[in-house]
Amino acid sequence: MATKKTTAVSFAGGARPRNGTLALEWPLEVDGVRLVEIELRRLTGADMVALQDIATREGFDDAELFALVCDQPAAVLRALDQDDWLALKEKVLDFLPRRFREAAEFLTRAPAA
């Protein structure tokens, strides 16, 4: 059986940006490097498989899910200041697939008073 040649694939545009940034109000220092913003990106099909795996676990960690969208690992995201964490939760919604946004919006809502 012949091996298929790997094809170079990239996105060719779209209605919305695939990437974005979140400027941190409370920057962190990670491994001696100042972190002032977090890069976000839309998910690929492979990322969706990981997202579904995370989301189906009982008591899954939001930071693990957000790390799929961000350029930082879950451990760094967990260390964010509370205001930056809430801003990240809202920003992540823009980068999730449509069918996950409504369910994910529940995570960003403030608790009822």
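Residues numbered from 1 in each chain as written. Predicted model: local features only at pLDDT ≥ 70, side-chain atom pairs only at ≥ 80, totals over all residues. Heavy atoms only, no water.

1. A word on helix 2 (residues 62-69)
Logical step 1: With 6 of its 8 residues buried, helix 2 lies for the most part within the structure.
Logical step 2: Buried residues of helix 2: Asp 62, Ala 63, Leu 65, Phe 66, Leu 68 and Val 69, and no others. (Buried < 20%, exposed > 50% of the residue type's maximum accessible area, 1.4 Å probe, protein only. Helix = DSSP H or I, 4+ residues; strand = E, 2+ residues; numbered from the N terminus.)

2. Topic: unusual backbone geometry
A negative phi holds for most residues other than glycine; trans holds for most peptide bonds.
Logical step 1: Of note in this structure, Asp 31 is not a glycine but carries a positive phi near 50°.
Logical step 2: Mapped onto the elements, Asp 31 comes out in the loop between strand 1 (19-30) and strand 2 (33-41).

3. Brief notes about the confidence of the model for the protein chain
The predicted coordinates ought not to be read in detail in places where the model reports low pLDDT.
Logical step 1: Of the residues in the protein chain, 81% have a pLDDT of 70 or more, and the chain-wide mean is 81.
Logical step 2: In the predicted structure, residues 108-113 sits below a pLDDT of 50 and forms 3 contacts with residues beyond four places in sequence or in another chain. (pLDDT = per-residue confidence, 0-100. Contact = heavy atoms within 4.5 Å.)

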